[in-house]
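What follows is the residue order along each chain.
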Amino acid sequence: MEFTTEKDRIYAEDASGKVIAEVTFPTENGVAVIDHTFVDPSLRGGGVAGKLVKSAADKIIADGNKLSATCSYAVAWLQRHPEYPTVPSGPVACRIDRRR
């Protein structure tokens, strides 16, 4: 699966242009917060969400920002990957709307 990377978003589309996987991480004051992870039901169980969060974490660190998360999936993923240092953020609460 090929991902497209933007400033605060990494995503994949199907052949028709529909978003089928996405992670968002707005950055403010040098801290990027992973606030949303979405994987289409047809792709679930294939490790796509983990690849998205890893890609986001790698980009955040490469860009020189600190890493945080409020998305429950990203919080759990980061707890399993202590090699990615994080800073505290607000309560766990994913952004539910996918509109940009």
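> For this particular structure, what's the right way to read the side chain of Thr37?
Tracing the backbone through its elements, the reader meets Thr37 in strand S6 (residues 36-39). Thr37 has contacts with Glu22, Val23, Ala49, Val53, Cys71 and Tyr73, leaving out every residue within four places of it along the chain.

> I keep staring at the sheet that holds strand S7 (residues 66-69) and nothing clicks. Help me out?
Strand pairing in a sheet relies on backbone hydrogen bonds. The paired strands run either parallel or antiparallel. Spatially, S4-S5-S7 is the arrangement adopted by the three strands of the open sheet, whose pairing is mixed. With partners counted over all chains shown, the strands left at the sheet margins are strand S4 (27-28) and S7, one partner each. The pairing of S4 with strand S5 (residues 31-34) spans two bridges and is classified as antiparallel. The partner of Thr27 across the bridge, within S5, is Ala32.

> What is the right way to look at the packing of aromatic side chains in this model?
Aromatic ring pairs: the centre-centre distance and the angle between the two ring planes describe each pair. Under the counting rule described, the total for this entry stands at one aromatic pair. Its end group placed over the ring of Tyr11, Arg9 keeps NZ or CZ at 3.9 Å from the ring centre.

> Which parts of the structure should I look at to understand the sheet that holds strand S2 (residues 9-13)?
Across the sheet, which stays open at both edges, the four strands sit in the order S1-S2-S3-S6 with antiparallel pairing between neighbours. Pairing within the sheet leaves two strands with one partner each, and these edge strands are strand S1 (4-5) and S6. When strand S3 (residues 19-24) meets S6, the two strands line up antiparallel, connected through four bridges. Paired with Val23 across the bridge in S6 is Thr37. Its contacts with the sheet place helix H1 (residues 48-62) against S1, S2, S3 and S6, and it is angled at close to 145 degrees to S6.

So, how was this worked out
Residues numbered from 1 in each chain as written. Predicted model: local features only at pLDDT ≥ 70, side-chain atom pairs only at ≥ 80, totals over all residues. Heavy atoms only, no water. Helix = DSSP H or I, 4+ residues; strand = E, 2+ residues; numbered from the N terminus. Contact = heavy atoms within 4.5 Å. Pairing = 2+ DSSP bridges. Phe/Tyr/Trp six-rings, centres within 6.5 Å; stacked < 30°, edge-to-face > 60°. Lys NZ or Arg CZ within 6 Å of the ring centre and 35° of its normal. Axes fitted to C-alpha atoms, helices over the stretch in contact; angles between N-to-C directions.

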